[in-house]
Structures are given as structure tokens and as C-alpha cells.
Amino acid sequence: MASASLAHAEHHSASLTLPFLWGAATSGYQTEGNSTNADIWLLEQVNGTIFKEHSGNAYDFYACYRQDIALAASLGLNSFRFSIEWSRIEPEQGTISHEAIAHYQDMLRACHENNLAPCVTYSHFACPRWFAARGGWESPDAADHFLRYCELFSRSFGHLISVASVFNEPNLHKLILHANPLSDRAKTTMLAQAARACHSPTFSYYLSGDPQRVEAAMISAWRRAYDVIRSGPGQYPLGLTLAMTDDQAIGDPAARDLKRAEIYDAWLCACREKGDFIGVQVYTRSLTGPHGTVPPPAGSHSTTMGWEFYPECVEGACRYAASVSQRPVIVTENGVATDNDSERQDYIRRAITSLERAVADGIDIRGYYHWSFLDSFEWASGYRPRMGLISVDPKTKKRTPKPSAFLLRNLCPKKSMIWQL
Ligand code: BGC
């Protein structure tokens, strides 16, 4: 496989050459532990929380990153996806942590030293608590705060980045509401308690608030962020990642098409207008008949997350994202929650076969990241769902690769691909 690399570390403004990106993905909040200044940390602690357990010190990735990055490289991957946590960089409004900046710079360097192209997410769900207390994305000056973070981020890390997405799944709230229109009700008590705890009636996090208003604010922030980040340092592909299902129509496709238009199209079009790639994050399919969502067929089985086991979802989601966005696609997340690693191996093989079908049909796919690198904190579901290629002993933090971790090495569909922005 072409080396990702990363003789380009510290490349400043030179244009990057990248291989087909072949990696595993994580996010900061889910693995680092003790993200005490994040909005979600507060939500986990309040009475009436919807979180099944606390993230605590998670899997201590904040301390173990060098060992973990070396482990990712030993699996034959050429890229590693992770997020930088705004709440660590700016724990209080206007207070910058130079320790956190140095920490993430070292993480980026560790990726390059291990020939892993760092694929970085600017914002993976968690935001600083102070930002949520001001009203999160519903506050009129949200984009200004976010843009200041993007400028600092870009100045501090841009020269070390190989590929980046600004937001992780900014459409997730809409997708969840579509699947369960009453889901916001369950959060009411938790949000009220969080508002009380931080003495702010306006507390709002990424899965609350008016979805239309939040979407409009985030799309406008995305447009501005793209220009700020594009002006350097670093010349790396910059995109967005979306939460998707492979949406299949049963009979008349009108209702399915409407769902797609409502949940994805504003972002796919925003990326078409400005964006170097679209990140597809897909785990299962969703069936829609003329009157709405149809349950999975009899005999299908579900994963620990309660989603239908359907690895072929990759193909359909990539085709749709590519057709509307007209941008190259990177599968930035795909995986399965299971305690049975043979099932994960089966999932990986079938998912990659479906990816290959899309590639063979000329869909411009430039990378695939398996979710997740480590078993990690699955947000409201806690630690129960296991999606990692690597298991972690909760007490000793010892990492043990599962057999599925060694499977990816030989499955890359475009080993000789080289591309650049
Ligand atoms: C998110 C991850 C999450 C994964 C599996 C995606 O929605 O980006 O943070 O762990 O799905 O639930």
C-alpha cells in the first residue's frame, strides 16, 4: 500500500498527496476520558440523564495515544481518524489551553511518525459547556465563537493535518427525530437540569433545539469555516461527514425520496457548493414504504445497537451521497456493535464487497474508516455496545486486538490509488 506520508509532516502550504485512505476511527470524547469541560459531561451527571452510565476516564486515550497510534499502524492501516476537543482547547470562553494544543500537536506528530495520515474532526458532537450554556447552535453568535476556534485550530494544527472534516454528523438530530419523533421529550428533564446546573435557561447541545434553525446556523458556519481553514496553513481535503442509512424504497419511492431530501440534501448541497469530499457514516439500512418506515424483514437480526445487521449499506449510502453532492466520497465511519467478533469479520468482508461494487461502478470513493478503533463510550448507550477492532480491559486499560483487527490489512480495494486536492 502506498505510504500515506508523510514526509509531508510540517508541510505548511505544499499540496498533499494521499493514498486511498484506509483506517480506523475514534472521537475524543468517547475515548480520552474526563472531558470535564464538555457539555455532554454535564448531561451525563444531572438527574434525569438519558445516559446509561458515565464516561469517566473512558479508555484513557488522552494518556495512551502514542501506544494506540502505534497499534493502529501495526494493523496495516495508513490513516487514523480522531477528533480534537474544543472543550479542552478552550475550557472557558476566551481561555486557551496551551497544554491541550501541545498535546494534540504531539498526537498529530505521532501519526506521521507511524506513517498514518491524520484525519481530524474539528467538532465531534461534544462542545464546551460554556458554549452550550450560551444556547449552543441556537445562539445568534454561535458561528462567531466556532469560527474563532477554527482559526486557532487551523493555525495550531493545519500544517500537520492530512484530511479533515469540520462537523461530525451535523444532520444527526434530524435523522433521530425522523426515526423517533418523540425522542426530544425524553431529553426534557435532562436539559432542564443541565440549564439549572449552569445557571443558564438557554442550555442547548447538538441534539436539542429547533432542527431547522440549528441546521441553518451550522451550514452558514460551515461556509465561513471552509474559507477560514482553506486559507491555510496546510492544503488538505476539507469536508463534512453525515449520519446516513442506506435508504431503500419498498414500492413507490416518493416517501423515501422525501426522507432523503429532508435529512441529507441541505448538507449534501452545501458540500457540493463548498467542500472537497463528503464523509459517509453508515451502519445499516432503512426501509421506507409509501406510508413511512417499514420494519426490517422477518428473519433479519439486530446488532447490540438495535440496528439491522446489514453490511451492504455502504454501497447505497455512497451512491446517494456522491450523486447529490457530486464530491468524492470517503466512508468516514462504518462498523457493527457486537460481542461476537466472527460477526464483525463477516460484517467487514460484506461491507468492503459492497464498497467495491460502488467503486467498480465508477463512484469516486477515496477512503474507508472502520468504526471503531477501540471499544468506546457509545454516548447514551454507555459502554455496553462494543464496536471496536480492539477491546480494552476496563480496569487495566490493556488493549487486545480482536481477530477482525487484522482483517482489514488485505482488503483495501484501491491499493495503488494516489490523489491530491
Ligand atoms: C458517531 C459515533 C458513534 C457511532 C456509533 C456515529 O453516529 O459519529 O460517535 O459512536 O455513530 O453509534
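Residues numbered from 1 in each chain as written. Predicted model: local features only at pLDDT ≥ 70, side-chain atom pairs only at ≥ 80, totals over all residues. Heavy atoms only, no water.

K.L.:
Is there a simple way to explain empty space enclosed by the protein in this structure?
P.N.:
Unoccupied space between atoms shows up once a probe the size of one water molecule is rolled over them. Tallying each qualifying case throughout the model produces 2 cavities of 30 Å³ or more. Its boundaries defined by the atoms lining it, the largest cavity holds a volume of some 160 Å³. As for the largest cavity, its lining consists of 17 residues, of which E169, P170, Y206, V214 and M218 are closest to the centre. When grouped by side-chain class, the residues that make up the lining of the largest cavity number 10 nonpolar, 4 polar and 3 charged. Of the volumes computed, that of the second largest cavity is approximately 50 Å³. As for the second largest cavity, its lining consists of D39, C127, F131, G136, W137, S204, Y205, Y206, S208 and V214. Grouping the constituent residues of the lining of the second largest cavity by class yields 6 nonpolar, 3 polar and 1 charged. (1 Å grid on protein atoms, 1.4 Å probe; cavity = no way out; pocket = protein on both sides within 12 Å on 5 of 7 lines; lining within 4 Å. Points joined across faces, edges and corners; volume = space filled by probe spheres on them. Nonpolar A, V, L, I, M, F, W, Y, C, P; charged D, E, K, R; others polar.)

K.L.:
Could you clarify how one ought to interpret unusual backbone geometry in this entry?
P.N.:
Where the residue is not glycine, phi is negative for most of them; where a peptide bond is considered, it is trans in most cases. Geometrically, the link from G232 to P233 is a cis peptide bond, its omega value of 0° lying close to zero. Among the secondary structure elements, P233 is positioned in the loop between α11 (211–230) and β6 (238–249). Residue W371 is joined to S372 through a cis peptide bond whose omega torsion reads 10°. Although it is not a glycine, F125 adopts a positive phi angle of roughly 70°. Position of F125 relative to the elements: it lies in the loop between β4 (117–123) and α6 (129–133). Using a relative accessible area of 6% as the deciding quantity, one classes F125 as buried. Here the phi dihedral of W379 falls at roughly 50°; this positive angle occurs in a residue that is not glycine. With respect to the element layout, W379 can be found in the loop between β10 (365–371) and β11 (390–392). (Helix = DSSP H or I, 4+ residues; strand = E, 2+ residues; numbered from the N terminus. Buried < 20%, exposed > 50% of the residue type's maximum accessible area, 1.4 Å probe, protein only.)

K.L.:
Explanation requested: the pairing of strand β9 (residues 329–333) in the structure shown.
P.N.:
Counting buried residues in β9 gives 5 out of 5 residues, a clear majority hidden from the surface. Two elements, strand β7 (residues 277–289) and β9, share 4 bridges in a ladder whose sense is parallel. Bridge pairing in β9 links G279 to I330. Two elements, β9 and β10, share 2 bridges in a ladder whose sense is parallel. Bridge pairing in β10 places V329 opposite I365. Between the parallel elements β9 and β10, the chain passes through helix α14 (residues 341–360) in a crossover that is right-handed. (Pairing = 2+ DSSP bridges. Right-handed = clockwise from strand over helix to strand, strands pointing away.)

K.L.:
Before we go on, may I ask you to explain the site of the ligand in this structure?
P.N.:
Surrounding the ligand, one finds 14 residues, the nearest of these being Q30, H124, E169, E333 and E378. W379 has a polar side-chain atom sitting 3.0 Å from an oxygen atom of the ligand. Contact with the protein chains removes 93% of the 310 Å² of surface that the ligand exposes when unbound. The pocket occupied by the ligand, as judged from atoms lying within 2 Å of grid points, is the largest pocket. Taken together, the residues of the shell around the ligand sort by class into 7 nonpolar, 4 polar and 3 charged. (Near = heavy atom within 4 Å. Polar contact = N/O pair within 3.5 Å; in protein donor to acceptor, adjacent residues only side chain to side chain. Areas by Shrake-Rupley, 256 points an atom, 1.4 Å probe, with all protein chains shown as cover. Sits in = over half its atoms within 2 Å of the grid points.)

K.L.:
Just to check I follow, could you spell out the layout of surface pockets for this structure?
P.N.:
Taken as a whole, the largest pocket holds about 1,400 Å³ of empty space. Listed by contribution, the elements that provide at least two residues to the lining of the largest pocket are α8 (172–179), α9 (183–186), β6, β7 and β8 (292–294). At 6 residues, the largest contribution of residues to the lining of the largest pocket is made by β7. By residue class, the composition of the lining of the largest pocket is 25 nonpolar, 14 polar and 8 charged. Within this model, the second largest pocket holds a volume of roughly 180 Å³. S55, N57, A58, Y59, D375, Y383, R386, S391, V392, D393, P394 and K397 are the residues that line the second largest pocket. Split into classes, the residues belonging to the lining of the second largest pocket amount to 5 nonpolar, 3 polar and 4 charged.

K.L.:
How should the nonpolar core be read in this particular structure?
P.N.:
Inside soluble globular proteins, nonpolar side chains tend to come together where they are buried. Core analysis: the biggest nonpolar cluster contains 144 residues, and W137, F146, F167 and F203 have the highest contact counts within it. Setting aside anything within four residues of it in sequence, one finds F167 in contact with T121, S123, W137, F146, M218, A221, W222, L240, T241 and W267. (Core = buried A, V, L, I, M, F, W, Y, C linked by side-chain atoms within 4.5 Å. Contact = heavy atoms within 4.5 Å.)

K.L.:
Sorry if this is basic, but what is going on with the pattern of salt bridges here?
P.N.:
Side-chain pairs of opposite charge can arise where the charged atoms are in close proximity. Within this structure, the stated rule accounts for 26 salt bridges. Close ionic contact of R66 with E113 constitutes a salt bridge, the shortest N to O distance being 2.9 Å. Taken together, the residues span a long stretch of sequence, with R66 in helix α3 (residues 61–74) and E113 in helix α5 (residues 98–113) at a distance of 47 residues. You can call E113 exposed: its relative accessible area is 53%. A salt bridge links D364 to R366; the nearest nitrogen and oxygen atoms lie 2.7 Å apart. Take R366: its relative accessible area is 16%, and that puts it in the buried class. Each of E315, R319, R357 and D361 takes part in a single network of salt bridges with overlapping partners. (Salt bridge = Lys/Arg side-chain N within 4 Å of Asp/Glu carboxyl O.)

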